[in-house]
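Chains, contacts and geometry: an overview
For reference, the chains in residue letters:
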Amino acid sequence: MVTSSTELAYNSKIEGEVVVSRADAVINWIRSNSMWPMPMGLACCAIELMAVGASRFDIARFGAEVMRFSPRQADVMIVAGTVTYKMASAVRRIYDQMPDPKWVIAMGACASSGGMYRSYAVLQGVDRVIPVDVYVSGCPPRPEALLDALMKLQDKVKRQPSARNLLHSA
Amino acid sequence: MPATADATAALKLRFPQVTDRASLDHPAVNVPPADLIALLDHLRTDGGFDLLTDVTAIDWAEGVSPRFTVVYHLFSTARHDYLRVAAACADNLAPTMPTATGLWPAADWHEREAFDMFGIKFDGHPDLRRILMWDEYPHFPLRKEFPLAGIETPLPDLEIAAETGASLKPAPMMGGPFVASPGEMNLTEAEPRAKDESWTERREKPEA
């Protein structure tokens with residue numbers, strides 16, 4: 001059908017209130033645009049994490065402003081800060097309490113690799129106890145870097161075969 | 001400063017066991033552990049030192065006797081002057097010291113930290129548990145024989161340790177940045193254990 005319409009948005013009069021898409025695209029669109037973070041603020045990176053949530057940088061633009069302090073309502077754990085060995089078990093337990101699907105951002109040098117803390121007390125990278133999807137460099141990272149990490153994670157989620165995973169797990 | 005110098009002289013008249021301690025800043029005295037609490041009590045009630053700012057310890061290294069010294073930093077909020085009191089532990093293997101928690105409640109956590117880091121037992125402490133490391137941690141990290149990188153130890157939560165396979169591993173030092181460089185103060189001898197820590201994330205620490 002040839003149409004002269006130049007509208008880019010969804011128009012229910014034209015589309016007849018029906019949208020055709022792939023299940024993957026829909027599921028991933030929903031998931032990636034409402035990633036509720038579990039703010040695992042352990043050190044100074046948590047201050048930058050707060051800045052990301054505040055109005056100047058505004059993580060709400062990417063649908064991730066709903067910081068959930070209950071892991072059972074969270075989708076992405078943002079490990080912001082130095083993970084000591086004493087804390088590592090707690091981080092892992094909180095990760096285990098998050099419902100699938102779940103993702104992890106290691107924010108900053110300490111969470112990614114132990115950072116400058118080459119010592120007996122500090123876990124040398126949170127990826128030793130939980131799987132990490134995106135690493136953010138910086139000490140601490142700029143808020144833009146965390147937003148970039150979130151967008152990277154959204155890209156990753158958008159590539160996932162979510163429908164197949166759901167059907168296989170069901 | 002001269003006022004407190006007079007104070008230490010008066011202190012030595014009252015407590016003949018007290019000796020002067022070399023110090024670059026504030027007046028400092030040594031005292032035997034047996035007289036420590038009496039001295040601190042006197043300083044608090046009569047000397048005006050109403051604030052205990054710090055309790056810490058020194059490990060003079062293995063083979064040195066006395067090996068452990070506990071250091072108290074007192075402050076007078078009325079006169080704005082400091083006094084440092086040091087007491088050497090009698091036992092080098094199981095160091096003990098009477099607690100100062102009865103005099104200053106602030107001593108509670110300071111003594112727990114000294115216990116955690118040096119293994120000094122404070123007799124009479126109401127709740128002598130580790131304050132930084134977990135209770136089952138077997139080492140005392142600020143003792144001289146303890147390497148900065150750490151010693152392989154299981155994680156505090158054994159369930160998590162079994163699930164993740166992670167454990168407390170010696171951190172890769174790779175020459176720095178906190179390794180003392182040789183030069184002034186003979187730091188090479190002071191901290192020799194960090195020197196051979198050449199293992200990295202990829203190359204595990206060789207078995208001793």
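Scroll up for the structure.
The structure reproduced in this document is the subject of the present report. (Residues numbered from 1 in each chain as written. Chains lettered and ligands numbered in written order. Predicted model: local features only at pLDDT ≥ 70, side-chain atom pairs only at ≥ 80, totals over all residues.)

**Some words on the overall build of chain B**
Looking only at helices and strands, one finds 5 helices and 9 strands in chain B. When the helices and strands of chain B are read in sequence order from the N terminus, they spell out α-β-β-α-β-β-β-β-α-β-β-α-β-α. Partitioning the intrachain contacts of chain B with sequence separation of at least 6 by distance along the chain shows that 46% fall at a separation of at least 24. (Helix = DSSP H or I, 4+ residues; strand = E, 2+ residues; numbered from the N terminus. Contact = placed C-beta atoms within 7 Å.)

**Quick notes on the overall build of chain A**
Check the secondary structure of chain A and you find 7 helices and 4 strands. Along chain A, helices and strands appear, N-terminal first, in the series α-α-β-α-β-α-β-α-β-α-α. Dimensions along the principal axes, computed over C-alpha positions, put chain A at roughly 70 × 40 × 25 Å. When the 170 residues of chain A are sorted by exposure, 39% land in the buried category. In chain A, the proportion of contacts linking residues at least 24 apart, taken out of those at least 6 apart, comes to 79%. (Buried ≥ 20, exposed ≤ 12 C-beta atoms within 10 Å, placed from the backbone.)

**Some points on the sheet that holds strand 5 (residues 81–88) of chain B**
Residue and element names in this part refer to chain B. In space, the 5 strands of this open sheet follow the order 1-2-5-4-3, with mixed pairing throughout. Across the chains shown, the open sheet's two edge strands, defined by having one partner strand only, are strand 1 (19–20) and strand 3 (51–59). In the sheet, strand 1 pairs with strand 2 (residues 28–30) via 2 bridges, with the strands oriented antiparallel. Within the sheet, the bridge partner assigned to Thr 19 lies in strand 2 and is Asn 30. Contacts from helix 2 (residues 33–45) reach strand 4 (68–76) and strand 5 within the one sheet, and its direction differs from that of strand 5 by about 165 degrees. Sitting on the sheet, helix 3 (residues 107–118) touches strand 3 and strand 4, and the angle it makes with strand 3 is about 10 degrees. (Pairing = 2+ DSSP bridges. Axes fitted to C-alpha atoms, helices over the stretch in contact; angles between N-to-C directions.)

**What about the interface of chain B and chain A?**
The interface of chain B with chain A comprises 17 residues on the first partner and 14 residues on the second. When its residues are assigned to classes, the side of chain B that touches chain A shows 14 nonpolar, 2 polar and 1 charged. (Nonpolar A, V, L, I, M, F, W, Y, C, P; charged D, E, K, R; others polar.)

**Comments concerning unusual backbone geometry**
Here the bond from Cys139(A) into Pro140(A) is cis, since omega is -10 degrees, no more than 30 degrees from zero. One can find Pro140(A) in the loop between strand 4 (134–136) and helix 6 (143–158). Note that the residue after Ser65(B), namely Pro66(B), is joined by a cis bond; omega there is -5 degrees. In this structure, Pro66(B) sits in the loop between strand 3 and strand 4. Notably, Asp58(A) is not glycine yet its phi reads approximately 60 degrees, a positive angle. Assignment of secondary structure puts Asp58(A) in the loop between helix 3 (45–53) and strand 2 (76–80). In this structure Asp58(A) comes out as partly exposed when scored by C-beta crowding, with 14 C-beta atoms within 10 Å. If you check the backbone angles, Ala61(B) has positive phi at about 95 degrees while not being a glycine.

**Some thoughts on helix 2 of chain B**
All names here are of chain B. Between its first and last C-alpha, helix 2 extends 19 Å over 13 residues, near the 18 Å set by a 1.5 Å rise per residue. Residues of helix 2 that are buried: Leu 39, Leu 40 and Leu 43. With its buried residues spanning 100 degrees around the axis, helix 2 presents them on a single face. Every exposed residue of helix 2 that faces more than 90 degrees away from the buried side is listed here: Ala 34 and Thr 45. (Expected span 1.5 Å × (residues − 1). Arc of directions from axis to C-beta.)

**Details of the environment of Ser137(A)**
Secondary-structure assignment places Ser137(A) in the loop between strand 4 and helix 6. The sequence separation of Ser137(A) and Met107(A) amounts to 30 residues, and the corresponding C-alpha distance is 7.1 Å.

**So, the environment of Ile78(A)**
All names here are of chain A. Among the secondary structure elements, Ile 78 is positioned in strand 2. Since 32 C-beta atoms lie within 10 Å of it, Ile 78 is described here as buried. Measuring from C-alpha to C-alpha, the distance between Ile 78 and Tyr 10 comes to 34 Å, with 68 residues separating the pair along the chain. In this structure Ile 78 touches Pro 37, Met 38, Pro 39, Met 40, Leu 49, Ile 105 and Met 107, once residues within four positions along its chain are discounted.

Spatial relationships are all this shows, so hold off on functional conclusions.
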